[in-house]
Amino acid sequence: MIAILKNRHVRDTSFQAGFVGALIILIVALVVTGKSNLEAQGLTSGFDFLERSTGWRISFSLIDYTTSSPYWLALVVGLLNSVFLGAISLSFATFIGVAVGVMRTSGNGMAELIGTTFVEIFRNVPLILQLLFWYSLLLSLPSPRDAEPILGAFAFTGRGIYIPGLNITGLSFFLIVLALVAGASVSLWLSTADRFKAASVAVRRKWKFYAWIVTAIVVIATIWWGRLPETAFFSIPEHRGLNYREGIRVSPELFACIIAISIYGAAYIAEIIRSGFNAIPAGQGEAGHALGLSRWQIFTRIRLPLAIRIVMPTLINQYVWLFKATTIGIAISFTDFFMVVSTAINQSGQTLELIAILMGGFLIINYSIAWVLNRVNDAIKLKGTQLRI
Amino acid sequence: MSEHAILIRNMNKYYGSFHVLKNINLEVKRGERIVICGPSGSGKSTLIRCINRLEEHQSGDIEVMGTMLDENVDHIDEIRREAGMVFQNFNLFPHMTILENCTLAPILVRKIDRVEAEKTAMEYLARVKIPEQANKYPGELSGGQQQRVAIARALCMNPELMLFDEPTSALDPEMISEVLDVMVGLAEDGMTMVCVTHEMGFARQVADRVVFMADGQVIEQGEPETFFENPQNDRTKTFLSQVLGH
Amino acid sequence: MSISNSVSHDGMRTSMFGAIRKKYFATRTDIIVSSVLAVAVVWLLVNVIDWAFVNAVFGAGKREECLAAEGACWSVIASRWRIVLFGLYPFEEQWRSGVACLIMVIVAVLSCVPYFWNAKRLTVLWLSGFGIFYVLMRGGFLGLTPVFEQNWGGLALTVFIFAAVCILGMPLAIVFALLRRSELPWISRTMGLIIDTIRSLPLLTIMFTFAIVSPFVLPDWAIGDKLYRVIVGYAIFFACYQAEIIRGGIQALPAGQEEAAKALGMGYWHRVGYIVLPQAFRNALPPTINQIVITFKETSLVTIIGFFDVMASGRAASGNAEWSFAHVEVYFFVALIFFVFVFSLSRYGAYLERRLGVGRR
């Protein structure tokens, strides 16, 4: 008997079984306690509440939503808002971050100084503090009555930023952006993917042209289909009396979130890019010089591509982390996914189900981001095992 | 007390589907010194690592100092206590001093009191001729010195049997002899030793038996004189001509 | 963009003027870029200095002057700093709050001294520091009047949450990392799933879940105070991130180390405690410090759950009718507090990275 207990296989199997078993017991215990507590309070459980209408408003929505819309639609609105905010902020953060990262490795003393100051200031202060700061700054802009338009078309007021734009539904705008991104990705893929290298340049150019034609058709169709009825095609903010009419209003909440997350993300991305540049051996640039390439060519064709490949895994982690940061919108009542879920919990009391939906939503989005970017990483990473870099 | 230090019968080992050790039969009596040699990939390191369960064998028996090597954790622990091992890459613990390297296992495993463990450690360090380095860190010693510390560290556990896995292969040529001298000294003191090495001079001087392995099998074994002067098997002849030729 | 800054064409030592010229004005593009940026920076600096110093009002209680002035109203800090640092802690006892925070600062500083880089000493240091902190804040012993957790606030609450999360989270991280590295496939894969799932979730949702949702699924005796629930949730989140960092440190260890320990007859716990973990932590020290820094910053999120941490106390400081115009100044003050802590810790982390990266085998 003792011999069996001392047997390594027996021990290993029992440890594993014990571990998994304990976890299962824990989960079951939580679920059972939860159910009994809910019943004791007279709350129903289950997902039927998703069909009920909400009865409350959502301040920012890309699709049609009214107070009589069902809960599931409210959740979709929140999810779309988070994705929308995330996409815009991550893009800006990347642009600014790459620019600052390049500044910090440029060799120009002034640019390096500014870059370093930018990174140190915005990395060392919590995001929520930055968000509140930008929000209060935006709220203290002059009211629409007093604000003068810049360049005749842009107005920065305390009630929001008014910009000119197309009169189309928010969803159409989202789809157009998606189409443009898809078109650009297909074009990039055609130029760089290994499987197309065999084809001649002319053939690839033809295919890229087709891709852009398809994209243009999709964009135009979306604009046509998404036009808001009985409105002019293009709307420009006009100062009329106490307020601005026409134009697209970007609410201070949304704008503050975009600014805060973009800048905070840019500070982190700049550091990552900088470490990527620093990891490139000096010999690469020397070889470029020896071949007679100009400094700009060395930068764009040798150093920048290498830096991106080196830091891609770290960047992927950073993007996932930044997307999670969009939940900060709740601090200023921007209706992102988290805020919608917490309002729904307040209003309907279906806490457990909504938390499960919340977690599920974030898991799906984060895994998707990681999956897509990991595919990109695999496609572009340096291959082979004999690399001397 | 069994007469045999190591008894291996019909032992087979696989890495997945790759048959790396084929039907090994080997006996090592107490006090015997065995040298195992062979071309790279022959499985000699794998064989010696199976003896103290750093690798697992799939079929056959291995018996060390009378204890059967099987899934019983007490058996494995006992074998590891009684068999000392010296590695090709020394594997000294870099965050501890030389003295701490030597006293760690005796204190934790054999539950020896610290003062006594340090005394034993200093004795063995003197025996490998570097007592003055006791309070230095491994990174501050040369390769030859580190390997001698590794031998002393294994000896501090007072093992019945010492296993050497290519102990001089990672050393610069001028340091090989200082390590081999220590090993010769150990042999002369009667320690049972199983040594995987390419140092044929050492084999001639010290070994009671030389075992030649190739492709996972024991091809030939014999006393050094017969082995080196009169190898029977063709493969042995080829190997010896390559190794001794230059 | 220059490949290297220090290519000197003739090898002569450069004078200071030459050095400045090379750094800022080396090529034509550099001259343009430097000049444009310099102008922008000077314009920005002039405006900021103007607002923050020249036209600003210092000294306590000068509300009317502040309203009249164009510059910053630092008066709000002078008048309201106690709320920001101590929250609603009773006035006469606030010295206790201050001393407690100071103790934690000392603990953090001492942790950076190599003498304490030893599991036993670190544990003793943090546990005793935290114990003193708790006794001072809570009172009820040694003749100190009791002050309950609801009245803790401001910087002291932030520090308390941060320290509690680290003390709870670090041992948990070690356990998670060891489970994740287990040779038993069910254990390592399940742990991997748990860690990846928790890391995919935003910290805010985890805090929210533990604060508001967990009372539903816990038996009555386990519910506890909201503050401690949030600390547990944050500690689990911290542990998942830290576990991955530790695992990276373990993976950087040569396999021979564990083999040598096995060959010497050392059992699992001896191996892990004496050989694997000490070396893994040395490897993982810079990312660990980075993680601790981020944890301190993210503590500010508890203000959303309704805790009166330093963010909330900052808003309260400028939240009354008297000082409501001066919220930007208060934000600067709170930002400065964070900046000082976070900047020094991350500088130290960078210094450690350089020091440990060189020459350590």
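Residues numbered from 1 in each chain as written. Chains lettered and ligands numbered in written order. Predicted model: local features only at pLDDT ≥ 70, side-chain atom pairs only at ≥ 80, totals over all residues. Heavy atoms only, no water.

K.L.:
Looking at this structure, I do not really get the overall build of chain C. What am I missing?
P.N.:
A count of helical and extended segments in chain C gives 16 helices and zero strands. Projecting the C-alpha coordinates of chain C onto the three principal axes gives extents of approximately 75 × 70 × 35 Å. The 361 residues of chain C split such that 47% are buried. In chain C, the share of contacts with a sequence separation of at least 24, taken over all contacts with a separation of at least 6, comes to 66%. Surface exposure of chain C reaches about 18000 Å², of which carbon and sulfur atoms provide 67%. (Helix = DSSP H or I, 4+ residues; strand = E, 2+ residues; numbered from the N terminus. Buried < 20%, exposed > 50% of the residue type's maximum accessible area, 1.4 Å probe, protein only. Contact = heavy atoms within 4.5 Å. Areas by Shrake-Rupley, 256 points an atom, 1.4 Å probe, with all protein chains shown as cover.)

K.L.:
Honestly, the confidence of the model for chain A in this entry has me stumped. Any pointers?
P.N.:
Low pLDDT marks stretches whose predicted atomic positions should not be read closely. Taken residue by residue, chain A gives an average pLDDT of 83. The fraction at 70 or more is 91%. Mean pLDDT in chain A bottoms out at strand β6 (residues 243-245) of chain A, which sits at 68, and peaks at helix α8 (residues 252-278) of chain A, which reaches 92. (pLDDT = per-residue confidence, 0-100.)

K.L.:
Help me out: how do you make sense of the sheet that holds strand β1 (residues 155-157) of chain A in this one?
P.N.:
Strand pairing in a sheet takes place through backbone hydrogen bonds and is either antiparallel or parallel in direction. Residues and elements named next belong to chain A. With antiparallel pairing, three strands are arranged side by side in an open sheet as β1-β2-β7. Since the sheet does not close on itself, it has two edges, and those belong to β1 and β7 (248-250), each with one partner. Sheet twist, expressed as the average angle between the axes of neighbouring strands with direction ignored, equals 20°. Summarising the sheet, β1 and strand β2 (residues 160-163) pair through three bridges and their orientation is antiparallel. From the neighbouring strand, Ala 155 faces β2, where its bridge partner is Tyr 162. Across the sheet, α8 is in contact with β2 and β7; its angle to β7 comes to roughly 60°. (Pairing = 2+ DSSP bridges. Axes fitted to C-alpha atoms, helices over the stretch in contact; angles between N-to-C directions.)

K.L.:
What is the right way to read helix α6 (residues 173-188) of chain B from this model?
P.N.:
An α-helical segment advances 3.6 residues per turn. Residues three or four places apart therefore align on the same side. Residue and element names in this part refer to chain B. The end-to-end C-alpha distance of α6 is 24 Å, a good match for the 22 Å that 16 residues give at a rise of 1.5 Å each. Those residues of α6 that are buried lie in contact with β3 (33-37), α4 (114-127), α5 (143-155), β7 (161-165), β8 (192-196) and α7 (200-206). Once α6 finishes, Gly 190 follows within two positions and takes phi at roughly 95°, a positive value. (Expected span 1.5 Å × (residues − 1).)

K.L.:
Would you take a moment to explain the environment of Pro 171 of chain C for this structure?
P.N.:
Mapped onto the fold, Pro 171 of chain C is located in helix α7 (residues 154-180). Spatially, the C-alpha atom of Pro 171 of chain C lies 16 Å from that of Ser 128 of chain C, the residues being 43 residues apart in sequence.

K.L.:
Explain the interface of chain A and chain B to me, please; I cannot follow it from the model alone.
P.N.:
One frequently used descriptor of interface size is the decrease in accessible area upon assembly of the parts. Across the contact, six residues belong to chain A and seven residues belong to chain B. In this assembly, chain A packs against chain B so that about 620 Å² is buried in total across both faces, 46% of it on carbon and sulfur atoms. Looking only at chain A, the three residues that lose the most surface to chain B are Lys 6, Arg 8 and His 9 of chain A, adding up to 80% of its buried area. Viewed at the interface, chain B and chain A are joined by two salt bridges. Measuring nitrogen to oxygen at the nearest pair gives 2.7 Å for the salt bridge that ties Glu 56 of chain B to Arg 8 of chain A. Summed over the shared surface of chain A and chain B, the number is two residue pairs in polar contact (both at pLDDT 80 or more). At the level of elements, α1 (2-6) and α2 (8-40) of chain A are the ones that each hand at least two residues to the side of chain A that touches chain B. Counting residues per element, the side of chain A that touches chain B draws most heavily on α2 of chain A, which supplies three residues. Tallied by class, residues from the side of chain A that touches chain B come to one nonpolar, two polar and three charged. (Buried area = accessible area lost by both parts, 1.4 Å probe. Salt bridge = Lys/Arg side-chain N within 4 Å of Asp/Glu carboxyl O. Polar contact = N/O pair within 3.5 Å; in protein donor to acceptor, adjacent residues only side chain to side chain. Nonpolar A, V, L, I, M, F, W, Y, C, P; charged D, E, K, R; others polar.)

K.L.:
Please explain the sheet that holds strand β10 (residues 217-222) of chain B as it appears in this structure.
P.N.:
All names here are of chain B. Taken in spatial order, the six strands line up as β6-β7-β8-β3-β9-β10 in an open sheet, and their pairing is mixed. Each edge of the open sheet is held by one strand with a lone partner, namely β6 (83-86) and β10. Taking each pair of neighbouring strands and ignoring which way they run, the sheet shows an average axis angle of 20°. Against the sheet, helix α1 (residues 44-51) contacts β3, β6, β7, β8 and β9 (209-214), and its axis sits at roughly 150° relative to β7.

K.L.:
Help me understand the interface of chain A and chain C in this model?
P.N.:
Contact residues are listed per partner, giving 60 residues for chain A and 60 residues for chain C. Taken together, the two surfaces of chain A and chain C that pack against each other cover about 5400 Å², and 71% of this comes from carbon and sulfur. A salt bridge links Glu 120 of chain A to Arg 347 of chain C, with the nearest nitrogen and oxygen atoms 3.3 Å apart. Here chain A and chain C share nine residue pairs in polar contact (both at pLDDT 80 or more) between them. Residue composition of the side of chain A that touches chain C, by class: 35 nonpolar, 18 polar and seven charged.

K.L.:
Would you mind showing me how to read the domain arrangement of chain C here?
P.N.:
The domain architecture assigned to chain C consists of domain 1 (2-54) and domain 2 (79-356). When each unit is reduced to the centre of its C-alpha atoms, the spacing between domain 1 of chain C and domain 2 of chain C is 41 Å. (Domains from an automatic or database assignment.)

K.L.:
What exactly am I supposed to notice about a nonpolar patch on the surface here?
P.N.:
Residue and element names in this part refer to chain A. A surface patch of nonpolar side chains, about 630 Å² in accessible area, is lined by Val 203, Trp 207, Phe 209, Tyr 210, Ile 213 and Ile 217. By secondary structure assignment, the location of Ile 213 is in helix α7 (residues 201-226). Since its relative accessible area comes to 39%, Ile 213 is described here as partly exposed. (Patch = residues over 30% accessible without salt bridge, like charges linked within 9 Å, V, L, I, M, F, W, Y side chains within 5 Å.)

K.L.:
I would appreciate a short explanation of the side chain of Ser 262 of chain A in the present structure.
P.N.:
Assignment of secondary structure puts Ser 262 of chain A in helix α8. Contacts of Ser 262 of chain A, omitting those with residues within four sequence positions, involve Ser 89, Phe 92, Ala 93 and Cys 257 of chain A.

K.L.:
What's the story with the side chain of Lys 262 of chain C in this structure? I'm lost.
P.N.:
In this structure, Lys 262 of chain C sits in helix α11 (residues 255-263). For Lys 262 of chain C, which is buried and forms no salt bridge, the nearest opposite charge comes from Glu 183 of chain C, at a distance of 4.3 Å. The contact partners of Lys 262 of chain C, leaving out residues within four places of it in the chain, are Leu 54 and Arg 80 of chain B together with Glu 183 and Arg 271 of chain C. (Lys, Arg positive; Asp, Glu negative; His and termini not counted.)

K.L.:
Looking at this structure, how should I read α11 of chain C?
P.N.:
Counting buried positions along α11 of chain C yields seven of nine residues, so the element is predominantly enclosed. As for α11 of chain C, its buried residues are in contact with α1, α2 (73-82), β6 and α5 of chain B together with α12 (268-283) of chain C. Directly beyond the C-terminal end of α11 of chain C, a positive phi value near 90° is found at Gly 265 of chain C.

K.L.:
I'm lost on the packing of helix α4 (residues 109-123) of chain A against helix α2 (residues 28-54) of chain C in this one. Help?
P.N.:
Describing two packed helices takes the angle between their axes plus the distance from one axis to the other. Contact geometry for α4 of chain A and α2 of chain C: axes closest at 8 Å, N-to-C directions at 40°. In terms of their interaxial angle, α4 of chain A and α2 of chain C are classed as oblique. Contacts between α4 of chain A and α2 of chain C involve Met 110, Ala 111 and Ile 114 of chain A from the former and Ser 34, Leu 37, Ala 38 and Val 41 of chain C from the latter. In the contact of α4 of chain A with α2 of chain C, the residues fall into six nonpolar, one polar and no charged. (Parallel < 35°, antiparallel > 145°, perpendicular 65-115°, else oblique.)

K.L.:
Help me understand the packing of aromatic side chains in this model?
P.N.:
Centre distance and the angle of the planes are the two values used to describe a pair of aromatic rings. According to the stated counting rule, one finds 35 aromatic pairs over all chains in the structure shown. Relative to Phe 299 of chain A, the ring of Trp 296 of chain A lies with its centre 5.8 Å away and its plane at 40°, an arrangement referred to as tilted. With Trp 296 of chain A and Phe 299 of chain A both in helix α10 (residues 295-324), this residue pair falls three residues apart, about one helical turn. A residue is classified by how much of its surface remains accessible, and Trp 296 of chain A, at 55% relative accessible area, is exposed. Judged by its relative accessible area of 7%, Phe 299 of chain A is buried. Aromatic side chains Phe 296 of chain C and Phe 338 of chain C sit 5.5 Å apart centroid to centroid with 55° between the ring planes, which places their arrangement in the tilted category. Pair noted here: Phe 296 of chain C is in helix α13 (residues 285-298) and Phe 338 of chain C is in helix α16 (residues 327-357), with a separation of 42 residues, a long-range link. (Phe/Tyr/Trp six-rings, centres within 6.5 Å; stacked < 30°, edge-to-face > 60°.)

K.L.:
Honestly, the pattern of salt bridges in this entry has me stumped. Any pointers?
P.N.:
Where charged atoms from two side chains of opposite charge come close, those side chains can pair. With the rule as written, the count across this model stands at 22 salt bridges over all chains. Across the salt bridge formed by Glu 178 of chain B and Arg 148 of chain B, the nearest N and O atoms sit 2.9 Å from each other. Of this pair, Glu 178 of chain B sits in helix α6 while Arg 148 of chain B is found in helix α5, placing the two residues 30 residues apart along the sequence. A cluster of three or more residues bridged by salt bridges with shared partners is formed by Arg 8 of chain A together with Arg 53, Glu 56 and Glu 71 of chain B.

K.L.:
Is there a simple way to think about the pairing of strand β2 (residues 18-29) of chain B in this case?
P.N.:
Where a strand is regular, its side chains alternate between the two sheet faces. All names here are of chain B. Pairing analysis gives eight bridges linking strand β1 (residues 4-15) to β2, with the strands arranged antiparallel. By the bridge assignment for β2, Ile 8 is matched with Leu 26. Taking the residues between adjacent antiparallel strands as the criterion, β1 and β2 are bridged by two residues, where Gly 16 takes a positive phi near 65°.

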